[in-house]
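Next come the chains, spelled out residue by residue.
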Amino acid sequence: MTKLFVTGGAGFIGSAFIRVALEELPDCEIVNFDALTYAGNPDNLAGLDERRHRFVHGDIADRAAVMDALEEGTDAVVNFAAESHVDRSIASADEFLRTNVLGTQVLLDAARARRVARFVQISTDEVMGSLPEDDASFFTESSPYAPNSPYAASKAAAEHLVRAAHHTFGLDAVITRCGNNYGPRQFPEKLIPLVIANAIDDQPIPVYGDGRNVRDWIYVDDHCRAILQALRRGRAGEIYNIGARNERRNLEVVEAILDALGKPRTLIKFVKDRPGHDRRYAIDPTKVETELDWRPQETWESGLRRTIQWYAENQAWVARARSGAYRQYYAQQYGMEIDVRR
Ligand code: NAD
Ligand code: DAU
């Protein structure tokens with residue numbers, strides 16, 4: 001795998017993947033195709049080797065732009081580009097359908113037209129819905145589809161389109177489904193960076209509902225190393241669930257961050273629950289562990305420490321991410337202003 005076409009590579013996971021791929025595949029060259037939405041950030045690409053990484057500003061739902069940027073001889077398309085935030089999909093689903101569904105189909109068509117050897121679709125455990133609390137059930141690759149939010153439904157639709165391209169046209173395609181990622185450069189609309197940024201500024205920490213919802217957390221570079229394994233060794237037409245066996249209740253996550261930063265738990269503010277809020281996600285990663293010989297390298301403790309440290313040391317990045325439109329989003333989502341110090 002030497003020529004990769006990565007979409008959404010200016011976002012949180014895509015930019016981490018590019019770093020990991022450039023390091024682990026010394027011969028690879030990457031075209032990074034990204035529309036730079038509110039979540040895409042050129043700062044995330046700082047320091048990348050320009051001889052091996054080329055950024056192209058473009059929209060995956062724009063067929064002409066994709067065909068223009070995707071060259072013959074590309075070994076793989078790795079599709080990270082998406083609208084990724086559940087709360088925003090509840091406010092309005094339009095962009096989710098355009099990017100996540102239509103955009104994926106455009107990429108599949110372009111990959112076939114350019115005879116790309118492999119297509120990797122980055123999906124999510126949310127396509128399988130919610131698990132019961134306090135039992136030993138897990139998501140496996142054969143769990144039924146049961147998406148509960150417009151975001152999850154759009155990602156499930158994208159999976160169906162990838163599956164259909166494989167079945168009907170013989171496109172070599174692999175789907176990976178991961179749980180909740182955390183790590184550097186995650187946009188502070190998501191729980192962990194939001195909590196870290198607010199706690200550093202002594203701002204209230206909004207916790208939805210009773211705070212007992214469970215998510216299965218994975219450090220972003222571990223996710224990216226698993227994607228790399230799926231890219232190199234995954235079987236065409238297969239789905240791989242990726243998880244680090246790390247279930248945590250939201251309150252436990254919030255308290256761990258507050259404790260690490262030496263901030264009081266009185267900052268926690270219980271707010272109105274997310275409509276249709278999935279109760280529990282938990283992934284059985286046996287297939288990716290055994291078939292692709294992958295294991296996470298970070299523990300929850302080491303990953304969280306690194307993450308908190310990155311945000312503490314990159315306050316300028318956080319300030320830029322939280323300027324402008326973010327304030328409007330925050331006020332609308334939480335019914336309170338964000339009062340940042342910088
Ligand atoms: P993100 O929101 O941080 O980044 C998304 C990137 O896609 C941004 O750079 C944005 O500019 C780009 N983008 C959006 N619309 C585009 C379009 N029409 N054309 C081209 N680029 C576009 O998202 P993330 O958290 O890095 O997630 C990346 C992928 O991983 C998504 O497909 C998401 O569904 C999936 N995923 C995320 C998680 C998670 O915990 N964050 C877990 C499992 C799967
Ligand atoms: O499981 C994988 C998914 O994880 C990805 O597909 C999504 O792209 C990613 O955004 C994430 O979805 P979640 O909805 O689980 O992540 P989020 O960070 O938005 O929320 C995590 C949990 O924290 C969830 O139970 C909602 C809760 N929460 C979130 C926010 C933003 C709060 O209690 N307060 C908040 O302010």
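Draft legend 1. Spotlight on the sheet that holds strand β2 (residues 29–34). Taken in spatial order, the 7 strands make up an open sheet running β3-β2-β1-β4-β5-β6-β10, and their pairing is parallel. For this open sheet the edge positions go to β3 (53–57) and β10 (239–242), each flanked by a neighbour on one side alone. Sheet twist, expressed as the average angle between the axes of neighbouring strands with direction ignored, equals 20 degrees. Where strand β6 (residues 173–178) meets β10, 4 bridges bridge the pair, whose relative direction is parallel. Across the sheet, the residue bridging to Arg-177 is Asn-241, located in β10.

Draft legend 2. Highlighting the side chain of Asp-34. The residue Asp-34 is located in strand β2 in this model. For Asp-34, which is buried and forms no salt bridge, the nearest opposite charge comes from Arg-98, at a distance of 11 Å. A distance of 3.3 Å separates a polar atom in the side chain of Asp-34 from the backbone nitrogen of Gly-9. With near-sequence residues (within four places) excluded, Asp-34 lies in contact with Gly-8, Gly-9, Ala-10, Gly-11, Gly-40, Phe-55, Val-56, His-57 and Gly-58.

Draft legend 3. The site of ligand 1, seen in detail. Within the structure, ligand 1 sits among 28 residues, and Ile-13, Asp-34, Ser-84, Tyr-151 and Lys-155 are positioned closest to it. A distance of 3.2 Å is found between an oxygen atom of ligand 1 and a backbone nitrogen or oxygen belonging to Phe-12. In the environment of ligand 1, a nitrogen atom lies 3.0 Å from a nitrogen or oxygen atom belonging to the side chain of Thr-99. Isolated, ligand 1 exposes 840 Å² of accessible area, and the fraction of that covered by the protein chains is 96%. Listing elements by their share of the shell around ligand 1, those giving two or more residues are α1 (12–24), β5 (118–124), α5 (150–169) and β7 (180–182). With 3 residues, β5 is the single largest residue contributor to the shell around ligand 1. For the shell around ligand 1, the per-class residue count stands at 13 nonpolar, 12 polar and 3 charged.

Draft legend 4. Broad picture of the packing of aromatic side chains. All chains considered together, the criterion is met by 16 aromatic pairs. A centroid spacing of 6.4 Å and a plane angle of 75 degrees characterise the contact between Tyr-182 and Trp-217, whose relative ring orientation is edge-to-face. Taken together, the residues span a long stretch of sequence, with Tyr-182 in strand β7 and Trp-217 in strand β9 (residues 214–219) at a distance of 35 residues. No difference in accessibility class separates Tyr-182 from Trp-217, as the two residues are buried.

Scoring rules and cut-offs
- Residues numbered from 1 in each chain as written.
- Chains lettered and ligands numbered in written order.
- Predicted model: local features only at pLDDT ≥ 70, side-chain atom pairs only at ≥ 80, totals over all residues.
- Heavy atoms only, no water.
- Pairing = 2+ DSSP bridges.
- Helix = DSSP H or I, 4+ residues; strand = E, 2+ residues; numbered from the N terminus.
- Axes fitted to C-alpha atoms, helices over the stretch in contact; angles between N-to-C directions.
- Buried < 20%, exposed > 50% of the residue type's maximum accessible area, 1.4 Å probe, protein only.
- Lys, Arg positive; Asp, Glu negative; His and termini not counted.
- Salt bridge = Lys/Arg side-chain N within 4 Å of Asp/Glu carboxyl O.
- Polar contact = N/O pair within 3.5 Å; in protein donor to acceptor, adjacent residues only side chain to side chain.
- Contact = heavy atoms within 4.5 Å.
- Near = heavy atom within 4 Å.
- Areas by Shrake-Rupley, 256 points an atom, 1.4 Å probe, with all protein chains shown as cover.
- Nonpolar A, V, L, I, M, F, W, Y, C, P; charged D, E, K, R; others polar.
- Phe/Tyr/Trp six-rings, centres within 6.5 Å; stacked < 30°, edge-to-face > 60°.

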